[in-house]
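So the chains spell out like this:
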Amino acid sequence: MPSLRSGSRVLLPLAMTTAIGASLLAAPAAGALSEPAQVPIDESVAAPSRADAGGTQPADRFIVKFRQDPAAAPGSRGNAYGRVAKELGIPVRELKETAGGAVVVEATGDVSSQAADAVVGVLNAHPDVEYAEIDVLLHPLATPNDQYYQHQWNLHEDTAGLRTPGAWDRSTGLGQTIAILDTGITEHSDLAANVLPGYDFIGDPALAADGNGRDPNPSDPGDACASDGSRSSWHGTHVAGTAGAVGNNSKGVVGVAYGAKLLPLRVIGACGGRLSDTVDAVRWAVGGIVSGAPLNLTPARVINMSLGAEAVCQASMQSAIDFAVQRGSVVIAAAGNESQPAANVSPANCRNVVTVGATSRAGDSASYSNYGPELDVSAPGGDGNTGAENILSTVNSGTSAPAGATYGYMQGTSMAAPHVAGVAALMLSVNPLLSPAQIEQTLRDTARSLPGTCTGGCGTGIVDADAAVARVASEAFSPSLRSEADVVAADSAGTLWNYPSNGAGGFSNRVKIGSGWSSLKSGFVTDWNQDGVLDMVAQWKDGRLTVYPGKYAGGFGAAQAIGTGWRDYFVTVGQWRSGDRFPGIVATDPNGALWFYGNGSGGALSGRTAIGTGWKGLYLTMTDFDGDSRMDILAKKADGKLIQYRSDGAGRFLSESRTTIGTGWGIIDSMTDLPGFNGMNQQGIMTRLTDGRLAYYPFANGVWGARTIAGSGWGGYNLFR
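Treat the numbers as computed from the prediction; the structure is a model and nothing was measured.

*Asks:* Is there a simple way to explain the overall build of the protein in this structure?
*Replies:* Along the protein, the regular secondary structure elements total eleven helices and 42 strands. When each of the 721 residues of the protein is scored for burial, the buried share is 61%. Accessible area for the protein stands at about 24,300 Å²; split by element, carbon and sulfur atoms hold 49% of it.

Have a look at this one:
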């Protein structure tokens, strides 16, 4: 046995608010919530009720991603912008770069929506442009409501509440961080103990309404919009309170995950917020590097976005979400409040998000809630003409600028989403090894059917906090492979072992998970069917290719044949195309041709696509080495050089000179992508040296860290790749 070492349109917030005096609310404890003795009547303050509300939205800014291709002609940026000016008579200028490597450009003068579409069309037609899109404004997603409700039915009522009291017996979210991408946050004694230092990502001083651009102060100065006459909503403060207001402090309200920390990231200002600022905030939230911003020392495992715009999922948004998910963070998105298909609203229509619809106190789908197959689950969002039917949380009493801390009611999918973000934090607190896919699947599996009516698709039902936390905390949740950081290996006798990672550069005790594996050529660990449980893909010496689906309670299902004739292929498995839901296979045939085999349904392989030649004799592994949210191929050559081949995210390689990222790799006979082995959100490659030692090479954004030796005596083992 080996020895081991431990080691533009607008994105809007989704809700309306009405304030009540703090002194009028009784102090609910976490388990039994009382209601205020009286509720004063006040004028309601509503954010726009539609994602595109407020008239014609500005479309004068664009996000442009140029291909990183050395063959591109010098001055290609200027050439692209020149075409816009020549063909449309619209000059543009660069403003800044985004964290994802794109640039934000601005057109001079007023640009109609039709002209903006034309600008995008001209830019996308340029051969050196990877994509161009309108830098849409994001807004809170809101519906009007001018009444108040009495208590937090949304947390404890059995009919259509979240059923949090049972979950709190197991978890309060301790140790987890929830990033709130919203209007910022106001000072509030019912939040202060849980609030971490965040960041203001609004770069445009006119939108920021705080006298400057990006800065380390995420305070909400108010999002009142002169163009539509709206007052400040304090939307971010309300959302934050639902997710994680302090509990058991004898005052105010209690949040779903009242033991978690809140990371306020301000992306919505006066009249909305820019897409380019929001995607940078998503990356920063999980520890990504954003130029000009300090390093985030408290990365979030949960991101809440109660905002949206009527648009397809933008490439920059999808890239940022994929980046977050690859780092182990789950992204929660409000479905929108237009009573239309959620497919029309971003980021609810993006891949790799948990999309949340809203329900009423009676358990009906809320009248305003968006719907459709994009919804994963629903959660309480309110839907009534009195406060008691809606969602109570922390707000501010100011009408334009902040005044005093108070409490108020809102309704909307904005209110539903932070309920689910809180439950995700509760789940991660009892099982930090959960992947985003596992969290999503568990939320879906444990949701209960709506007791009322649903039209058009409400996901699998209302999220049940008690059932979800019980599932991940119980012995029943014990899949044989719990983390992509684990090392799986077959010994010379054909016994299959899992060596669980301890998350700190070492292993826990090994566990036998199979026998009869002596005929294995290569094995791979991946969530092949995207059900939240890791599976095994096996390439056998006789040329068969099979999948063993992991079971939620441990063990594996019967082998599923997905191919024959693979004996002489070199195989690697991963999410080669960024737009695919399921991982696929990249393989070299005996003649050195490189092929991609898609996995369209989480089962059988689809047709293959040629993606290269001249690959014979190279040892390959797939990983995102440079942190751009797109998979790369790392190829080890016979001379010991390690070469990086970067992809464009669409299944092709970038046309560029290849980068040598290592030498002396001839002493390595096995290597595999192993994220999380050295810690949460950490990337790296596990290798086996020719002397039988395991060596781990961490990396971040294309830069290697210091190698560590993780064990010895592994020479006789067939390591999964």
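Let's pick the thread back up.
*Asks:* Looking at this structure, I do not really get the state of the cysteines. What am I missing?
*Replies:* A covalent bond bridging the sulfur atoms of two cysteines is what the word disulfide describes. Scanning all chains against the criterion turns up three disulfides. Covalently, C454 is tied to C458 through a disulfide, its sulfur atoms 2.0 Å apart. Between C454 and C458 the sulfur-sulfur dihedral comes to about 110°; the bridge is accordingly right-handed. Residue classification places C454 among the partly exposed residues on the basis of a relative accessible area of 39%. Taken in N- to C-terminal order, the disulfide-linked cysteines of the protein are connected 1-2, 3-4, 5-6.

*Asks:* Explain the nonpolar core here, please?
*Replies:* Among soluble globular proteins, nonpolar side chains are generally buried collectively. Formed by 61 residues in total, the largest nonpolar core has its most connected members in L181, L265, I303 and M305. A domain split of this core shows at least three residues from each of domain 1 (61–134) and domain 2 (173–429). Those residues in contact with L265 that sit more than four places away from it in its chain are A179, I180, L181, D182, G198, Y199, F201, A281, W284 and A285. Counting 60 residues, the second-largest nonpolar core is a separate cluster that includes V354, M410, L443 and V472.

*Asks:* Help me understand the packing of helix α9 (residues 413–430) against helix α11 (residues 465–473), please; the structure alone is not making it clear to me.
*Replies:* Helix-helix packing is described using two parameters, namely the angle between the two axes and the distance between the axes. Look at α9 against α11: their axes get within 9 Å of each other, and the N-to-C directions meet at 20°. Taken together, the axes of α9 and α11 are roughly parallel relative to one another. Here α9 and α11 pass one another in a crossing that is right-handed. On the side of α9, the interface is formed by V423, L426, M427 and V430, while α11 contributes A465, A468, V469, V472 and A473. Taken together, the residues of the contact of α9 with α11 sort by class into nine nonpolar, no polar and no charged.

*Asks:* Got a minute to help me understand the sheet that holds strand β42 (residues 718–719) in this structure?
*Replies:* Strand pairing in a sheet takes place through backbone hydrogen bonds and is either antiparallel or parallel in direction. Read across the sheet, four strands follow the order β24-β23-β22-β42 without closing on themselves; strand pairing throughout is antiparallel. If you trace the sheet from one side to the other, it starts and ends with β24 (511–514) and β42, each paired once. Of the pairings in the sheet, the one linking strand β23 (residues 496–499) to β24 comprises three bridges and is antiparallel in character. Directly across from L496, in β24, lies its bridge partner G514.

*Asks:* Looking at this structure, I do not really get the sheet that holds strand β32 (residues 608–612). What am I missing?
*Replies:* The antiparallel open sheet is built from four strands, whose spatial order is β29-β30-β31-β32. Edge strands, defined here as strands with exactly one partner in the open sheet, are β29 (570–574) and β32. Put simply, the sheet's adjacent strands are angled 25° from each other on average, direction ignored. In the sheet, β29 pairs with strand β30 (residues 584–588) via five bridges, with the strands oriented antiparallel. Across the sheet, the residue bridging to G574 is G584, located in β30.

*Asks:* In this structure, what is going on with the packing of aromatic side chains? I would like to understand it.
*Replies:* The relative placement of two aromatic rings is captured by the distance of their centres and the angle of their planes. In total, this model carries 27 aromatic pairs according to the counting rule given. Considering the side-chain rings of W517 and W540, the 5.2 Å spacing of their centres and the 35° angle between planes classify their relative orientation as tilted. With a gap of 23 residues between them, W517 in the loop between β24 and β25 (520–526) and W540 in strand β26 (residues 535–540) connect regions that are remote in the sequence. Aromatic pair Y697 and W704: ring centres 6.0 Å apart, planes at 75°, arrangement edge-to-face. Residue classification places Y697 among the buried positions, given a relative accessible area of 13%. Residue class for W704 comes out partly exposed when judged on its relative accessible area of 24%. One aromatic cluster is present, formed by Y499, F507, F677, Y696, W714 and Y717 through successive ring pairs. A cation over a ring is seen here: R510 above W497, with NZ or CZ 3.5 Å from the ring centre.

*Asks:* I'm lost on the UniProt feature "active site" (unreviewed entry) in the protein in this one. Help?
*Replies:* Those residues carrying the UniProt feature "active site" (unreviewed entry) are D182, H235 and S414 in this numbering. The named residues occupy 233 residues along the chain; their greatest pairwise C-alpha distance, 10.0 Å, places them in one compact cluster. Mapped onto the secondary structure, D182 falls in strand β10 (residues 177–182). Its relative accessible area of 1% is what places D182 among the buried residues. A polar side-chain atom of D182 sits 2.6 Å from a polar atom in the side chain of H235.

*Asks:* Where do I start with helix α8 (residues 315–326) in this structure?
*Replies:* Note: α-helices contain 3.6 residues per turn, so residues at a spacing of three or four share the same orientation. For α8, built from twelve residues, the straight-helix expectation of 16 Å at 1.5 Å per residue is met to within 8% by its first-to-last C-alpha distance of 16 Å. Where burial is concerned, most of α8 is hidden: nine out of the twelve residues are buried. Three or more residues of α8 are buried, namely S316, M317, Q318, A320, I321, D322, F323, A324 and V325. The first or second residue beyond α8 is G328, which carries a positive phi of 90°.

*Asks:* Help me understand the pairing of strand β35 (residues 642–646) in this model?
*Replies:* Side-chain positions along a regular strand alternate between the two faces of the sheet. With five of five residues buried, β35 is to be regarded as a mostly interior element. Residues L642, Q644 and R646 of β35 are buried on one face, and the alternating residues I643 and Y645, pointing to the opposite face, are buried as well. Connecting strand β34 (residues 632–636) to the antiparallel partner β35 that follows it, the hairpin turn spans five residues, and G640 within it adopts a positive phi of roughly 90°. Bridge count for β35 against strand β36 (residues 659–662) is three bridges, and the pairing is antiparallel.

*Asks:* Looking at this model, I keep getting lost on helix α2 (residues 113–125). Mind explaining?
*Replies:* Its 13 residues give α2 an end-to-end C-alpha distance of 18 Å, which sits within 8% of 18 Å, the value for a rise of 1.5 Å per residue. When α2 is considered as a whole, its buried residues turn out to be A115, A116, V119, V120, V122 and L123. The arc that holds every buried residue of α2, seen down its axis, measures 165°, which confines them to one face. Residues Q114 and A125 are exposed on α2 and point more than 90 degrees away from its buried face.

*Asks:* What's the story with the pattern of salt bridges in this structure? I'm lost.
*Replies:* In a structure, side chains of opposite charge can pair up when their charged atoms sit close to one another. Enumeration over the complete set of coordinates arrives at 27 salt bridges. Notably, a salt bridge pairs R444 with D376, separated by 3.2 Å at the nearest N-O pair. On the criterion of sequence distance, the pair formed by R444 in helix α10 (residues 436–446) and D376 in the loop between β18 (354–359) and β19 (377–380) is long-range, its members being 68 residues apart. With a relative accessible area of 26%, R444 lands in the partly exposed category. Of the residues examined, D376 reaches a relative accessible area of 7% and is grouped as buried. Each member of the salt-bridge network shares a partner with another, and the members are R61, R93, E106 and D204.

What counts and what doesn't
Residues numbered from 1 in each chain as written. Predicted model: local features only at pLDDT ≥ 70, side-chain atom pairs only at ≥ 80, totals over all residues. Heavy atoms only, no water. Helix = DSSP H or I, 4+ residues; strand = E, 2+ residues; numbered from the N terminus. Buried < 20%, exposed > 50% of the residue type's maximum accessible area, 1.4 Å probe, protein only. Areas by Shrake-Rupley, 256 points an atom, 1.4 Å probe, with all protein chains shown as cover. Disulfide = S-S within 2.5 Å. Core = buried A, V, L, I, M, F, W, Y, C linked by side-chain atoms within 4.5 Å. Domains from an automatic or database assignment. Contact = heavy atoms within 4.5 Å. Axes fitted to C-alpha atoms, helices over the stretch in contact; angles between N-to-C directions. Parallel < 35°, antiparallel > 145°, perpendicular 65-115°, else oblique. Left-handed = near helix turned anticlockwise from the far one by under 90°. Nonpolar A, V, L, I, M, F, W, Y, C, P; charged D, E, K, R; others polar. Pairing = 2+ DSSP bridges. Phe/Tyr/Trp six-rings, centres within 6.5 Å; stacked < 30°, edge-to-face > 60°. Lys NZ or Arg CZ within 6 Å of the ring centre and 35° of its normal. UniProt positions renumbered as here; feature names shortened; annotations may be inferred. Polar contact = N/O pair within 3.5 Å; in protein donor to acceptor, adjacent residues only side chain to side chain. Expected span 1.5 Å × (residues − 1). Arc of directions from axis to C-beta. Salt bridge = Lys/Arg side-chain N within 4 Å of Asp/Glu carboxyl O.

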